[in-house]
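Residues per chain are reported as follows:
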Amino acid sequence: MHALNEAQIRAVEEGDGPVLVLAGAGTGKTRVIIERLAWLVSEKGVDPRYLLALTFTNRAANEMKARAAERLGLGRIAAWVGTFHAFGLYVLRREIEHLGRGGGFTVFDDADQLSLMKRLIKELPPAFERVSPREALNWISGLKQQLEAPKPEDAAAREDEALHRLWTQYHEALHNANAVDFDDLLVLPVKVFKAHPPSLERYQRRYRYVHVDEYQDTNHAQFVLAKLLSEGHGNLFAVGDEDQSIYSWRGADINNVLQFQETFPDARVLRLEQNYRSTKAILKAANAVVSNNVFRLGKTLWTDLDAGDPVRLYEAENDADEADFITADAALRNLPLHETAVLYRTNGQARVLEEALRKARTPYRVYGGIQFYSRKEVKDLLAYLRLVASPADDVSLRRILNVPPRGIGATTLEHLNSYARERNAGLMQVLRDVETDQTLNPRARKAIAAFVHLIDDLALAAKTQGPGALVKRIMDETGYRKYVEESDEKDFRARLEIVDEFASSCAQYDREHEGGADLLTFLQDLALVSDVDNLEPDAPSLTLMTCHSAKGLEFGHVYLVGLEEGLLPHASSQDSEEEIEEERRLCYVAMTRARQTLTLAYARRRVMYGESRPSEPSRFLGEIPEGSLDLAGQEAGAAPSRGRKGAAASAAPTEDIDVARIKMGTRVRHATFGDGTVMYTAGAGKKLRARIRFQTGRTREFMVSKAPLEIVEGKGR
DNA sequence: GAGCGAAACGAGGAT
DNA sequence: CGTTTCGCTC
């Protein structure tokens, strides 16, 4: 690792008070925080327990912890390093009594919220306008991230009326289920701090140096949390890059960066502009893209590294061809798989890639998408655990009440529901009372009594056994294992594997927490785990992940695929320039993950909703200067021929221009537009059309036989 | 109430 | 195309 440069040293050794480090991609942002933690401890003599560092992923936190400890020559560092949400959870656990909630609580994840909201909407009186569960949740989450609540006067519109009612119902349901959602992990601590200044002061005294990584991705709640914690001492050290702000849809507020100096008048703003990650070629291309954004402070990244290989572009016939090319190209170039990543905009793109990689027997790992903890089987078992730990958790109860089938079907559940509503009681309580209910048929009553018994037994076992042992018990006593085994002949093995993997990871927890494995704590921690947290950097396999997941990571070799209009930029972002700019930043983030080589790709056709549809190359491709992009896949053997029909080759030339020679990469000259390169062709013979990108950066499509074109040379490169 | 096939619906990104 | 919901039969 190189020595720190002057700008980095200035940042690390900046004195007390608010500091914003504006740092571009690959300039050593995280390292600056690590070095500063180390510097505060070893040079300034600060007790590490006074240090707080907040990140966005557990993976980033773990890396920070490990590197800071290593840097200080310690086994582990005593500073509090973790995600905002984990810190919120930590505060909530300790300050819960201030919220008038006794004992523990569970954390609802996205799927829990969704199933809760679905039920609430179903139960909405018919007079209310229908809203979708997702829409309602986004509305609620948006307000909470702003630390706001709905204003009664806004309930005028019919749709808002429903939303307002859902807000109330939703929070009542959370409260009754003894649960909090992700936003609550930030909102509730802020609430406690504002309502109980003495408890805030305790945290301020404890955490005298507050650090925030990826500051551009903080939402308002996170900003307020960081600001509150650093009030008094003022030691807020924020590191961020406005060009990498890609989470505005999750409530991230770029103004936290842009207005840092206004918020903290004595703040110092430092810049890091030397990139240590990428070659000149990669940096130039990435800069060319992001410089088209208007809403940025502007930085000029530069590097001392080599020019490196040119950035390549592969123009694929379709998505399968794109996947085949990447598979073949990575093999041909003999790339070290653990240093190679394929990045894409949407999780759905992983499927075709996986198929190609499996066929070629290239080992790979997909991060994100259908995550382990959101697999149906795991969620079912988790629901049992949660119900045992927290009997008020209706969402979990509903999930497993009849899984495996035990004779408590829809009719019975409807009956129970109306009972619960009438008496305003939790569903579990209703189940317990059912013995005295004569209106329910005896068969259902018997089934319910058996279920209540089962849960009580498990709850008893939970007092003496850890989560691992409990999961094993659940699988046996509820018949869940048998249920999976017998459910489906096709993929029951894979599902069984998932069940067993979950059981063994719980057993691992038992071993790590011998004696004191608290079920509720276990479940709370689990709710914050994400897939990228478990990234194994040295695993000998290709990494597949979304551009979003790749934030904060780097790879020797990167393939960025699906550079098409409608995908990157995504179709749902095309109506406003702000959204396009965020897509552009996302593209920039993805490109700057690469250290040595970057390969871009797009497909002329892509399968969506089960049908193949034509697609246009991304506007971001046109923003990369002509000379900075090489066409890939024309070396012999690199490109498989699947889907390629040789459109131009099959037809006889009719005009003075040799239509057969017009292919991807052909250099041509247009009478009015000048020199350019063929990006792709469509049609054949007289009807051959070609999209040409000119040196001016513009692209246009022509009917080759009609346009005033001449061929300058054969294939490009 | 369970199980099955048909029909309808739906994928943006994620702590 | 994959998943969820619907509607029918047993």
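The structure displayed is predicted, hence computed values, not measured ones.

Our focus in this paragraph is the overall build of chain A. The number of helices and strands found in chain A is 26 helices and 23 strands. Put simply, chain A has 717 residues, and 53% of those count as buried. A fraction of 75% describes how many contacts in chain A between residues 6 or more apart in sequence connect residues 24 or more apart. Split by element, the accessible area of chain A, about 31,800 Å² in all, is 49% carbon and sulfur.

Taken together, the buried positions of helix H21 (residues 467-477) are Pro467, Gly468, Leu470, Val471, Ile474 and Met475. End-on, the buried residues of H21 take up no more than an arc of 160°, which puts them together on one face.

Interhelical geometry of helix H16 (residues 376-389) versus helix H24 (residues 519-527) gives an angle of 135° and a closest axis separation of 9 Å. With respect to each other, H16 and H24 are oriented oblique. Handedness of the H16/H24 crossing: left-handed. Residues Leu382, Leu385, Arg386, Val388 and Ala389 of H16 touch H24, and the partners they reach there are Leu519, Leu520, Phe522, Leu523 and Leu526. Residues that form the contact of H16 with H24 fall into these classes: 9 nonpolar, no polar and 1 charged.

Residues in close proximity to DNA strand B total 28 residues, the closest being His85, Arg345, Asn347, Thr411 and Thr412. For DNA strand B, the fraction of atoms within 4 Å of the protein that belong to sugar or phosphate moieties is 46%. One of the backbone nitrogen or oxygen atoms of Phe56 is found 3.0 Å away from a sugar or linking oxygen of DNA strand B. A distance of 3.2 Å is found between a base nitrogen of DNA strand B and a side-chain nitrogen or oxygen belonging to Ser572. Top element by residues in the surface near DNA strand B is helix H18 (residues 410-423). It accounts for 3 residues. For the surface near DNA strand B, the per-class residue count stands at 8 nonpolar, 16 polar and 4 charged.

Our focus in this paragraph is the packing of aromatic side chains. Considering all chains together, one arrives at 14 aromatic pairs under this definition. Relative to Tyr207, the ring of Phe87 lies with its centre 5.8 Å away and its plane at 75°, an arrangement referred to as edge-to-face. One end of the pair, Phe87, is in helix H4 (residues 84-95); the other, Tyr207, is in the loop between helix H9 (197-206) and strand S6 (209-212), with 120 residues separating them in the sequence. Considered together, Phe87 and Tyr207 belong to a single accessibility category, that of buried residues. Measuring from ring centre to ring centre gives 5.6 Å for Tyr215 and Phe260, while their planes differ by 85°; the resulting arrangement is edge-to-face. Residue Tyr215 is located in the loop between S6 and helix H10 (220-230), and its partner Phe260 is located in helix H12 (residues 260-263); the two are separated by 45 residues in the primary sequence. Here Arg250 stacks its cationic end above the ring of Tyr247, 4.0 Å away from the centre of that ring.

Looking now at the packing of helix H5 (residues 110-123) against helix H6 (residues 133-145). When two helices pack together, you describe them by how their axes are tilted relative to each other and by the distance separating the axes. For the pair H5 and H6, interaxial distance at closest approach is 9 Å and the crossing angle is 115°. Classified by the angle their axes make, H5 and H6 are roughly perpendicular. In this structure, H5 meets H6 at a crossing whose hand is right-handed. The segment H5 lies against H6, with Asp110, Gln113, Leu114, Met117, Lys118 and Ile121 engaging Pro133, Arg134, Ala136, Leu137 and Ile140. A class-by-class count of the residues in the contact of H5 with H6 yields 7 nonpolar, 1 polar and 3 charged.

Now for the pairing of strand S14 (residues 542-546). Among the 5 residues of S14, 5 are classified as buried, and the element is accordingly described as predominantly covered. Burial along S14 is two-sided: the face carrying Leu542, Leu544 and Thr546 and the face carrying Thr543 and Met545 are both buried. Of the pairings in the sheet, the one linking strand S12 (residues 340-344) to S14 comprises 4 bridges and is parallel in character. What sits directly across from Tyr344, in S14, is Thr546. Note: strand S13 (residues 364-366) against S14, 3 bridges, orientation parallel. By the bridge assignment for S14, Val366 is matched with Leu544.

Grouped together as the largest cluster of nonpolar side chains are 49 residues, with contacts concentrated most on Leu385, Leu416, Leu431, Phe451 and Phe502. A total of 9 residues in this core trace back to one element, the largest contributor, which is helix H20 (residues 442-462). Beyond its immediate stretch of four places on either side in the chain, Leu416 contacts Leu401, Ile408, Leu427, Val430, Leu431, Val434 and Ile448. The next biggest cluster of nonpolar side chains, apart from the first, holds 42 residues, and it includes Leu20, Leu52, Val91 and Ala527.

Read across the open sheet, the 6 strands follow the order S3-S2-S6-S7-S1-S8; overall the sheet is parallel. The open sheet has two free edges, formed respectively by strand S3 (80-83) and strand S8 (268-272), since each of these has just one partner strand. Taken pair by pair, the neighbouring strands of this sheet meet at an average axis angle of 15°, ignoring direction. Sitting on the sheet, helix H3 (residues 58-72) is in contact with strand S2 (51-55) and S3, with an inclination near 160° to S3.

This part is about the pattern of salt bridges. Scanning the entire structure with this criterion turns up 44 salt bridges. A salt bridge links Asp110 to Arg134; its shortest N-O distance comes to 3.0 Å. In this pair, Asp110 is assigned in helix H5 and Arg134 in helix H6, connecting sequence segments 24 residues apart. For Asp110, a relative accessible area of 39% translates into the label partly exposed. Classification of Arg134 as partly exposed rests on a relative accessible area of 34%. The partner of Asp243 in a salt bridge is Lys299, with the nearest N and O atoms 3.3 Å apart. One end of the pair, Asp243, is in the loop between strand S7 (236-240) and helix H11 (255-258); the other, Lys299, is in the loop between helix H13 (280-290) and strand S10 (302-303), and 56 residues separate them in sequence. Each member of the pair, Asp243 as well as Lys299, is classed as buried.

Moving on: the confidence of the model for chain A. For chain A, mean pLDDT is 85; residues scoring 70 or higher make up 88% of the total. Predicted confidence for residues 636-655 stays below pLDDT 50, and this span has 37 contacts to residues more than four positions away or in other chains.

A word on the state of the cysteines. Here the structure, examined in full by the defined rule, presents 0 disulfides. As a non-bridged cysteine, Cys587 has Cys547 as the owner of its nearest cysteine sulfur, 7.5 Å distant. We classify Cys587 as buried; its relative accessible area is 2%.

What counts and what doesn't
- Residues numbered from 1 in each chain as written.
- Chains lettered and ligands numbered in written order.
- Predicted model: local features only at pLDDT ≥ 70, side-chain atom pairs only at ≥ 80, totals over all residues.
- Heavy atoms only, no water.
- Helix = DSSP H or I, 4+ residues; strand = E, 2+ residues; numbered from the N terminus.
- Buried < 20%, exposed > 50% of the residue type's maximum accessible area, 1.4 Å probe, protein only.
- Contact = heavy atoms within 4.5 Å.
- Areas by Shrake-Rupley, 256 points an atom, 1.4 Å probe, with all protein chains shown as cover.
- Arc of directions from axis to C-beta.
- Axes fitted to C-alpha atoms, helices over the stretch in contact; angles between N-to-C directions.
- Parallel < 35°, antiparallel > 145°, perpendicular 65-115°, else oblique.
- Left-handed = near helix turned anticlockwise from the far one by under 90°.
- Nonpolar A, V, L, I, M, F, W, Y, C, P; charged D, E, K, R; others polar.
- Near = heavy atom within 4 Å.
- Polar contact = N/O pair within 3.5 Å; in protein donor to acceptor, adjacent residues only side chain to side chain.
- Phe/Tyr/Trp six-rings, centres within 6.5 Å; stacked < 30°, edge-to-face > 60°.
- Lys NZ or Arg CZ within 6 Å of the ring centre and 35° of its normal.
- Pairing = 2+ DSSP bridges.
- Core = buried A, V, L, I, M, F, W, Y, C linked by side-chain atoms within 4.5 Å.
- Salt bridge = Lys/Arg side-chain N within 4 Å of Asp/Glu carboxyl O.
- pLDDT = per-residue confidence, 0-100.
- Disulfide = S-S within 2.5 Å.

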